[in-house]
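# Examination of the molecular architecture
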Amino acid sequence: MNLLHYLPHASVQSSPTIKNTIGVSKSFLLLILLILFCVRGNAQYSSEIEPKEKYYQVKISLSQYGVMAKLQMMGILDHAKREGNALITVFSESELELLRKAQIFYEIAVEDLENYYQQRASEELQILNEKGSKEFIRGTFNQTTTQAQSIVPKKFRLGNVGGFLSINDVAAELDSMVANYPNLISKRRTLGSSGESRPIWYVELGSESSEGKPQVLYTAMHHAREPGGMMALIYFMWWLLENYSTDPEAKALLDSRRMTVVPIVNPDGYAYNIQNSPNGGGLWRKNRKRNSSNSFGVDLNRNYGTYDFWNSAFGGSSTSPSSDTYRGTDPFSEPETAALRDFIAINQFKAVLNYHTFSNLLIYPYGYARRETPDAPIFREYAKRMTEFNGYTYGLDIETVGYNTRGTSDDWMYGDSLTKPKMIAMTPEVGAQSDGFWPVPSRITGHCQENLLPNLFLAWAAGPYFATSYDYAFIPKNTVVSLPFTIKNIGLESGKKVKVSFNSDNLGVQFLNQTMVFDSIGSWESIFTDGIKVKISSSIPDGPMTITMNVAQDGGYVTSVPYSIALVTPLSIRDEYSQVDFALEQNYPNPFNPSTIIKFSIPSQMQVRLEVIDVMGRNVVTLQNGLMRAGSHSFTFDGSKYGLTSGVYFYRLITSGFQQTRKMMLLK
Ligand code: 0X9
Ligand code: ZN
């Protein structure tokens with residue numbers, strides 16, 4: 001990487017204008033203009049005539065009566081952040097005009113945001129160049145789970161647009177991936193053309209054996225001023241490719257998933273920004289469609305169908321062509337969104353991430369309404385896992401960005417189940433509030449790193465993917481006990497022959513059976529079992545200890561989770577005269593409705609825990625947890641108290657000398 005590349009151009013060359021062409025006759029000029037106009041082919045797209053928009057960071061006081069509702073209905077919010085009783089957001093000059101018309105008062109926080117970004121980046125580049133430090137530019141971010149995940153791919157590089165790769169750079173990167181790893185990535189292909197006839201590229205990652213395997217889609221740059229998402233995807237691709245031969249996770253993913261990447265959905269807007277601001281900082285958001293009213297651009301993330309989403313009564317996009325969130329004349333009126341729609345129709349994507357920047361968020365549908373989807377449990381679970389390490393805030397639009405949005409990619413990709421299969425669609429917003437649209441170069445790599453795990457996770461989730469859980473238990477030594485656990489397929493496809501195994505490198509741990517194979521576990525199905533039997537030698541001291549639970553995922557990748565237990569010495573002095581032994585009886589009646597009796601006996605006074613759990617292994621109620629006298633005991637379990645549905649439940653007795661689980665059935 002050559003740091004000189006990052007130096008801002010010494011002087012920005014001004015393009016030749018009519019003024020420079022002194023001495024040429026007027027009619028000749030007109031002719032040239034006419035030719036230029038026709039050669040362009042598409043009169044709807046023309047960037048020459050329009051004066052460049054100016055962008056401001058604006059502060060709007062929310063103490064103005066009804067201002068939030070007004071803004072929402074105008075649909076012009078795109079990057080709003082609440083700070084105390086004010087809203088900080090980015091508006092163009094045209095949008096400030098709309099605010100004035102609507103009599104909304106605002107304060108200007110940053111006068112020329114584009115200039116602010118450029119200054120900031122060039123100052124850092126200046127320092128970096130003096131220091132000659134490469135490491136700094138690469139940034140560091142180590143909140144990843146595996147060793148391999150924490151290492152920046154060798155081939156990953158920054159570009160010249162304020163540290164971001166240009167359109168040509170992206171093409172070169174994709175082609176270089178293909179040249180280096182021809183068996184792991186398809187050639188750079190085109191899924192459609194932009195309004196100004198630029199190709200919208202995609203590549204497909206996956207080894208030969210991934211043919212026909214679950215498909216997942218990644219896109220970036222619906223918005224021209226948000227190159228951070230594109231960088232995160234280029235980084236992700238290099239990571240997979242470079243680690244295929246050494247890292248089991250990279251290998252398993254490339255062998256068992258098909259990952260399609262569309263790095264630049266809106267090439268016209270990005271080209272426009274690069275043309276106007278070659279060193280980064282350009283703030284154009286939309287595509288470059290010439291609207292009939294002589295303004296430019298449609299917000300591609302407000303232009304998706306269905307009609308009902310696009311036209312939602314809750315607002316969330318603008319009908320003013322000059323607004324940055326202009327929705328266009330119809331759903332899919334734009335060639336870029338139409339191309340993605342058609343591309344999705346001929347594929348079978350299970351899940352998708354549509355990258356945006358910024359605010360450290362992970363957003364899921366619906367955007368058009370203030371409510372979650374029927375798949376809220378899936379979205380929540382995924383978002384929770386995907387943000388576990390990067391700490392992004394997740395939720396609905398209104399819970400994250402704070403406004404609702406209509407006509408977004410996610411609502412259509414998820415919610416239109418008539419024209420294509422349902423996709424689990426989410427939007428990461430990369431980078432902190434202070435990074436803004438054009439983070440300084442030293443921050444870019446960190447942003448890519450912090451989104452690697454979410455990218456990997458979603459690829460896993462597109463197929464079968466298993467998570468295990470258990471309840472922390474105390475178990476006696478020198479006794480055969482069963483280890484209860486739950487295995488849940490949190491992936492979007494069912495899995496076959498799923499192997500779970502336990503191991504410990506402690507010689508005092510003796511497994512009677514170490515492995516269980518589950519023939520088939522459907523998507524989102526979970527199975528509770530206590531089928532693993534273990535005996536722990538009394539030579540191991542009392543206290544907490546960990547054994548490892550391993551799940552063989554798709555492609556042979558093994559995920560391991562620690563299973564923690566507390567070891568206790570079984571009561572050695574049994575009450576010699578005790579008439580009773582340990583026993584947990586079958587409940588009566590069974591099946592039951594709504595209540596049943598659970599009886600057990602213990603030979604001496606001891607700590608006892610008796611609990612009811614559901615098939616997912618979740619605790620329904622702990623009926624007893626404490627010291628009890630020797631003899632038999634009986635508890636009534638009343639299912640109606642816990643709002644239970646009909647089905648199988650378990651009750652479990654755990655004491656320092658004995659442990660057993662039994663099944664019972666609630667039949668309503
Ligand atoms: O407003 C947008 O389009 C996105 N924010 S941005 O600042 N990058 O423009 C957020 C849209 C997210 N909505 C859903 N994915 N539902
Ligand atoms: Zn965006």
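Residues numbered from 1 in each chain as written. Chains lettered and ligands numbered in written order. Predicted model: local features only at pLDDT ≥ 70, side-chain atom pairs only at ≥ 80, totals over all residues. Heavy atoms only, no water.

Turning our eyes to something else, we now look at the overall build of the chain. Of regular secondary structure, the chain possesses 16 helices and 28 strands. Looking at the 668 residues of the chain, the share that counts as buried comes to 57%. Taking all contacts inside the chain whose residues are at least 6 apart in sequence as the whole, residues at least 24 apart take part in 73%. (Helix = DSSP H or I, 4+ residues; strand = E, 2+ residues; numbered from the N terminus. Buried < 20%, exposed > 50% of the residue type's maximum accessible area, 1.4 Å probe, protein only. Contact = heavy atoms within 4.5 Å.)

Time to look at the side chain of N489. Mapping N489 onto the fold places it in strand β15 (residues 480–489). Within the structure, the side chain of N489 is placed 2.9 Å from the backbone oxygen of E493, a separation counted as a polar contact. Engagement of the side chain of N489 in a polar contact is seen with the backbone oxygen of I521, the distance being 3.0 Å. (Polar contact = N/O pair within 3.5 Å; in protein donor to acceptor, adjacent residues only side chain to side chain.)

This paragraph deals with the coordination of the zinc ion (ligand 2). Each protein donor to the zinc ion (ligand 2) is listed here as H223 (ND1), E226 (OE), E226 (OE) and H356 (ND1); together their distances run 2.0 to 2.4 Å. Every donor residue of the zinc ion (ligand 2) comes from the same chain, spaced as H-x2-E-x129-H. (Donors = N, O, S within 2.8 Å, 3.2 Å for Na, K, Ca; no water.)

Moving on to the site of ligand 1. Taken together, the neighbourhood of ligand 1 is formed by 17 residues, with H79, R285, R302, D410 and E429 sitting nearest. Contact between ligand 1 and R285: an oxygen atom at 2.6 Å from a side-chain N or O atom of the residue. The fraction of the free accessible surface of ligand 1 (410 Å²) that becomes covered by protein chains is 100%. Those elements that place two or more of their residues in the shell around ligand 1 are β9 (349–357) and β12 (424–430). Classifying every residue of the shell around ligand 1 gives 2 nonpolar, 8 polar and 7 charged. (Near = heavy atom within 4 Å. Areas by Shrake-Rupley, 256 points an atom, 1.4 Å probe, with all protein chains shown as cover. Nonpolar A, V, L, I, M, F, W, Y, C, P; charged D, E, K, R; others polar.)

Let's shift gears to the sheet that holds strand β4 (residues 107–110). The 4 strands are arranged β2-β3-β1-β4 in an open sheet whose pairing can be described as antiparallel. What marks the edges here is a single partner per strand, and that holds for β2 (81–83) and β4. On average, adjacent strands in this sheet sit at an angle of 40° to one another, irrespective of strand direction. Of the strand pairs in this sheet, strand β1 (residues 55–61) and strand β3 (residues 86–92) are connected by 7 bridges, and their pairing is antiparallel. Each residue of the ladder has a partner; that of Y55, found in β3, is S92. Sheet strands in contact with helix α3 (residues 93–101) are β1, β3 and β4, and its direction is about 125° off that of β3. (Pairing = 2+ DSSP bridges. Axes fitted to C-alpha atoms, helices over the stretch in contact; angles between N-to-C directions.)

What follows covers the environment of S209. The residue S209 is located in the loop between β6 (199–205) and β7 (215–220) in this model. Look at S209 and you get partly exposed, because its relative accessible area is 41%. Expressed as a C-alpha distance, the spacing of S209 and R257, which sit 48 residues apart in the sequence, is 9.0 Å.

Take helix α6 (residues 167–180) next. Compared with an ideal rise of 1.5 Å per residue, which puts 14 residues at 20 Å, α6 spans 20 Å between its outermost C-alpha atoms and is within 8% of the ideal. All buried positions along α6 are accounted for by I167, D169, V170, A171, E173, L174, M177 and V178. The elements touched by buried residues of α6 are β6, α7 (228–243) and α9 (267–276). (Expected span 1.5 Å × (residues − 1).)

Now for the pattern of salt bridges. Tallied over the entire structure, the rule returns 29 salt bridges. In this structure, E372 and R380 form a salt bridge, with 2.5 Å as the shortest nitrogen-oxygen distance. For K477, the salt bridge is made with D542, and the minimal N-O distance between the two is 2.4 Å. Taken as a pair, K477 in the loop between β14 (473–476) and β15 and D542 in the loop between β19 (526–536) and β20 (543–552) lie far apart in primary sequence, 65 residues in all. Of the residues examined, K477 reaches a relative accessible area of 3% and is grouped as buried. What makes D542 partly exposed here is its relative accessible area of 44%. (Salt bridge = Lys/Arg side-chain N within 4 Å of Asp/Glu carboxyl O.)

The next point concerns helix α12 (residues 376–386). All buried positions along α12 are accounted for by A376, I378, F379, Y382, A383 and M386. Looking down the long axis of α12, one finds its buried residues gathered within 160° of arc, a one-sided arrangement. Buried positions along α12 lie against β9, β10 (361–363), β11 (393–395), α14 (409–415), β12 and α16 (452–461). (Arc of directions from axis to C-beta.)

With that settled, consider the sheet that holds strand β23 (residues 595–602). The strands making up a sheet associate through hydrogen bonds between their backbones, and the pairing can be parallel or antiparallel. Read across the open sheet, the 3 strands follow the order β22-β23-β26; overall the sheet is antiparallel. The sheet terminates laterally at β22 (583–584) and β26 (631–638), the two strands that pair on one side only. The pairing of β23 with β26 spans 8 bridges and is classified as antiparallel. Considered in β26, the bridge of K599 is made with S634.

At a minimum axis separation of 10 Å, α7 and α16 run at an interaxial angle of 65°. In terms of orientation, α7 and α16 fall into the roughly perpendicular class. Along this stretch, α7 crosses α16, giving a crossing that reads as right-handed. Every residue of α16 that contacts α7 at A232, L233, Y235, F236, W239 and L240 is listed here: L452, N455 and L456. Class assignment of the residues belonging to the contact of α7 with α16 gives a composition of 8 nonpolar, 1 polar and no charged. (Parallel < 35°, antiparallel > 145°, perpendicular 65-115°, else oblique. Left-handed = near helix turned anticlockwise from the far one by under 90°.)

Let us look at the pairing of strand β27 (residues 647–655). Burial analysis of β27 places 8 of its 9 residues in the buried class, the great majority of the element. Of the pairings in the sheet, the one linking strand β24 (residues 606–614) to β27 comprises 7 bridges and is antiparallel in character. Residue R609 lies in a different strand from β27, and its bridge partner there is I654. Where β27 lies against strand β28 (residues 659–666), 8 bridges are found, and the strand directions are antiparallel. What sits directly across from G647, in β28, is L666. Between β27 and the antiparallel strand that follows it, β28, lie 3 residues.

Chain-level pLDDT for the chain is 88 on average; 88% of the residues reach the 70-or-more range. Every residue in residues 36–41 scores below 50 in pLDDT, and together they form 4 contacts with partners more than four places removed in sequence or on other chains. The low-confidence segment residues 571–576, where pLDDT is below 50, has 9 contacts with residues more than four positions distant or belonging to other chains. (pLDDT = per-residue confidence, 0-100.)

In this structure the tally under the stated criterion is 32 aromatic pairs. Judged by centre distance (5.1 Å) and plane angle (70°), the ring pair of Y366 and Y368 falls under edge-to-face. You can call Y366 buried: its relative accessible area is 10%. Ring pairing ties together the aromatic residues F309, Y364, Y366, Y368, F379 and Y414, which thus form one cluster. We note R288 situated over the ring of Y272; from NZ or CZ to the ring centre the distance is 3.7 Å. The positively charged end of K420 is found above the aromatic ring belonging to W412, 5.0 Å away from the centroid. (Phe/Tyr/Trp six-rings, centres within 6.5 Å; stacked < 30°, edge-to-face > 60°. Lys NZ or Arg CZ within 6 Å of the ring centre and 35° of its normal.)

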